[in-house]
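Overview (structure and organization)
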Amino acid sequence: MTDLRHFISYAPRFGSYANPVRSKVEQSPYYWWWYALTRNTTYSDLCEAGGDFSLLADSQTETEQKDDAQRASTSTDSPQAHSGMLKVYEDFGDVRYDGDRYRAFCDWWRNRVNTNEQRGAYLFAEPLRGTWTRVLSDEDDLQSAWEDEAQIVIALPVYQTRHHAHKSLTRIVRKHIAEQKGRAVSDPRSSKARYHLNTAVQPRALKLAFDIWDLRNDCAVDPIPQRIPKTLPDNVRIARAVGLKYNARDKDGATKGDEHRNLSTQVARYLRTARSMIENAAVGTFP
């Protein structure tokens, strides 16, 4: 089961599989990885073609006519992009969905792959350990552990007190097993999973980037509130909808035009970030 596997980054919690809790799902960077992949138009076309790039040629002309500001895709002209995206398709599968995106993600995450693991665990969990701390019960077990440089064989007298046994074990463990502290323990770059984040990220920063992307591309779960005037520039309305602030260096000399330019610049920066994540997701990296 997923909850028995170890994830270096925060694995999603759903609250309910039938009706996932949005706030819980959005706390996991793996959700945003999946969501970025769903927004890559070239990958969606590949899903439509059943993983066959040769079938994309007919639809490419129509796809290329879409407004560049409203799409993000990875070029299919590069052989490296082909192989990278095909590998992602082999592992991530068809991520297209209709209806509730959180339920769609939940179903995708829990879907069983050919290893009988849930897809989320298969992709993002640390590898299952081949051996565990255990009592050696026979001679073959002892010989195997003795010859394995990755294991420590310890003789523990049962007549000693638990306190002294614990002190002895602690001393041996400290000597033979290096301790990881602080950020190293949760650094995704130390992960041995099939796919891992290429840097530590804050889910709220991912959410902000994709909320802005969704509003700019008319696919947001929450539309821009009616209280925000429609007479404002689009990017300024988006900035206010997601709570971006303008902190003027010179408050006395700041104008409304300065505020609008600053907010629009912030939105444009987040849009570039979202576009980059969408492109990267199709070749197996995030963010």
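All of these numbers come straight from a predicted model, not from anything done at the bench.

Some details on unusual backbone geometry
- A cis amide bond links Phe286 to the next residue, Pro287, at an omega of -5°.
- Positionally, Pro287 belongs in the segment after helix H13 (256-281).
- For Asn116, which is not glycine, the phi dihedral falls at a positive 70°.
- Looking at the element boundaries, Asn116 is found in the loop between helix H6 (101-110) and helix H7 (119-124).
- Given the relative accessible area of 55%, Asn116 is considered exposed.
- Although it is not a glycine, Asp218 sits at a positive phi angle of roughly 55°.
- Note on placement: Asp218 falls in the loop between helix H11 (203-216) and helix H12 (234-242).
- Residue class for Asp218 comes out exposed when judged on its relative accessible area of 70%.

Details of the packing of aromatic side chains
- Within the structure shown, the criterion is met by 27 aromatic pairs.
- A ring pair is formed by Tyr31 and Trp32, whose centres lie 4.7 Å apart and whose planes are at 70°; its orientation type is edge-to-face.
- The class of Tyr31 is buried, set by a relative accessible area of 0%.
- The cationic tip of Arg13 hangs over the ring face of Tyr10; the distance from NZ or CZ to the ring centre is 4.7 Å.
- Taking the ring centre of Tyr270 as reference, the NZ or CZ of Arg269 above it sits at 6.0 Å.

Focus on H11
- The terminal C-alpha atoms of H11, which comprises 14 residues, lie 20 Å apart, in line with the 20 Å expected from a rise of 1.5 Å per residue.
- Among the residues of H11, Pro203, Leu206, Leu208, Ala209, Phe210, Ile212, Trp213, Asp214 and Leu215 are the ones counted as buried.
- Contacts made by the buried residues of H11 are with helix H2 (29-38), H6, H12 and H13.

About the criteria used
- Residues numbered from 1 in each chain as written.
- Predicted model: local features only at pLDDT ≥ 70, side-chain atom pairs only at ≥ 80, totals over all residues.
- Heavy atoms only, no water.
- Helix = DSSP H or I, 4+ residues; strand = E, 2+ residues; numbered from the N terminus.
- Buried < 20%, exposed > 50% of the residue type's maximum accessible area, 1.4 Å probe, protein only.
- Phe/Tyr/Trp six-rings, centres within 6.5 Å; stacked < 30°, edge-to-face > 60°.
- Lys NZ or Arg CZ within 6 Å of the ring centre and 35° of its normal.
- Expected span 1.5 Å × (residues − 1).
- Contact = heavy atoms within 4.5 Å.

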